[in-house]
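# Fold and contact review
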Amino acid sequence: MPAILLAGPAAEPITLAEAKTYLRVDHDAEDALIASLITAARATVEALTRRALIDQNWRIVRDAWPASGLIPVPVNPLRAVLAVHVVDAGGAEVAVPADAFTADTARLPGLIRVGRGGVPAPGRALAGIAIDIVAGHGASADHVPSPLVEAARVVLAHFYEHRDVPGPGAAFPARLDALVAPFRVTRL
């Protein structure tokens, strides 16, 4: 079940000023580099934990409704279901009523329960269902658990200090695993 990023986070878990302080950089010559490393650090922590740190909009694409009525969400934590569409036989998107779905946002991975009989069958066999969701801990860095922000700092510092080091010398520090391990989302 693929997930497609529709809109990335509006902010990063670390500001440029915070990153420069953490890296002990007191000039502006590397601001563009550091900004790109912040994004890369966030994406790395998200990949390691299977969590979106800051709220992002995603589209889950499915071929058919599950027989169990439960759709595990591949991007977590699930915050809300925004919209659901099926593609009819003519190729047009048809909105499915929101009351046909219940989002279990307390569970990791999040689950979307599909109401029996309340959803039309897709009109095409492949990618006939699109579910738009919001996933993340919140709209700003204040909502992200502090160990995950610290993990992003560790990755940022590692990327900054080892940007020219190939191979085993570029391995992440051991403390990164200790920071992210309690936050890893397992797959169903």
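Just so we're clear, the structure is a prediction, and the values are computed from it rather than from any experiment.

Turning our attention to the packing of aromatic side chains. Remark: the centre distance and the inter-plane angle together describe each pair of aromatic rings, the angle taken between the planes. Going through the model one piece at a time under the given rule, you end up with 2 aromatic pairs. Ring centres of Trp65 and Phe101 lie 5.7 Å apart, and the angle between their planes is 40°; on these two criteria the pair is classed as tilted. Of this pair, Trp65 sits in the loop between β2 (56-62) and β3 (70-72) while Phe101 sits in strand β6 (residues 101-104); the two residues are 36 residues apart in sequence, bridging distant segments of the chain. Here Trp65 and Phe101 have matching classes, each one buried. Look at Phe159 and Phe172: their rings are 5.8 Å apart centre to centre, the planes differ by 45°, and that puts the pair in the tilted class. Pair noted here: Phe159 is in helix α3 (residues 146-161) and Phe172 is in the loop between α3 and α4 (174-180), with a separation of 13 residues, a long-range link. You can call Phe159 partly exposed: its relative accessible area is 22%. Over the face of the ring belonging to Tyr160 we find Arg163, whose NZ or CZ atom lies 4.5 Å from the ring centre.

Take the sheet that holds β3 next. With antiparallel pairing, 3 strands are arranged side by side in an open sheet as β3-β7-β6. Two strands close off the open sheet at either side, each with one partner strand: β3 and β6. Strand after strand, the sheet turns through a mean of 20° between neighbouring axes, direction not considered. Sheet topology note: the β3/strand β7 (residues 111-114) ladder contains 3 bridges and is antiparallel. Directly across from Ile71, in β7, lies its bridge partner Ile112.

If you trace the 5 strands from one edge of the open sheet to the other, you get β1-β2-β8-β4-β5, paired in antiparallel fashion. In this open sheet, the two strands that pair with only one neighbour each are β1 (3-7) and β5 (93-95). Across the sheet, the axes of successive neighbouring strands diverge by a mean angle of 30°, strand direction being ignored. Bridge count between β1 and β2: 4 bridges; the pairing is antiparallel. In the sheet register, Ala3 faces β2, and the bridge partner there is Ile60.

Quick look at α3 now. With 16 residues, α3 ought to run about 22 Å at 1.5 Å a step, and its terminal C-alpha atoms sit 22 Å apart, in line with that. Along α3, the residues that are buried comprise Leu148, Val149, Ala151, Ala152, Val154, Val155, Leu156, Ala157, His158 and Tyr160.

Cut-offs and rules
Residues numbered from 1 in each chain as written. Predicted model: local features only at pLDDT ≥ 70, side-chain atom pairs only at ≥ 80, totals over all residues. Heavy atoms only, no water. Phe/Tyr/Trp six-rings, centres within 6.5 Å; stacked < 30°, edge-to-face > 60°. Helix = DSSP H or I, 4+ residues; strand = E, 2+ residues; numbered from the N terminus. Buried < 20%, exposed > 50% of the residue type's maximum accessible area, 1.4 Å probe, protein only. Lys NZ or Arg CZ within 6 Å of the ring centre and 35° of its normal. Pairing = 2+ DSSP bridges. Axes fitted to C-alpha atoms, helices over the stretch in contact; angles between N-to-C directions. Expected span 1.5 Å × (residues − 1).

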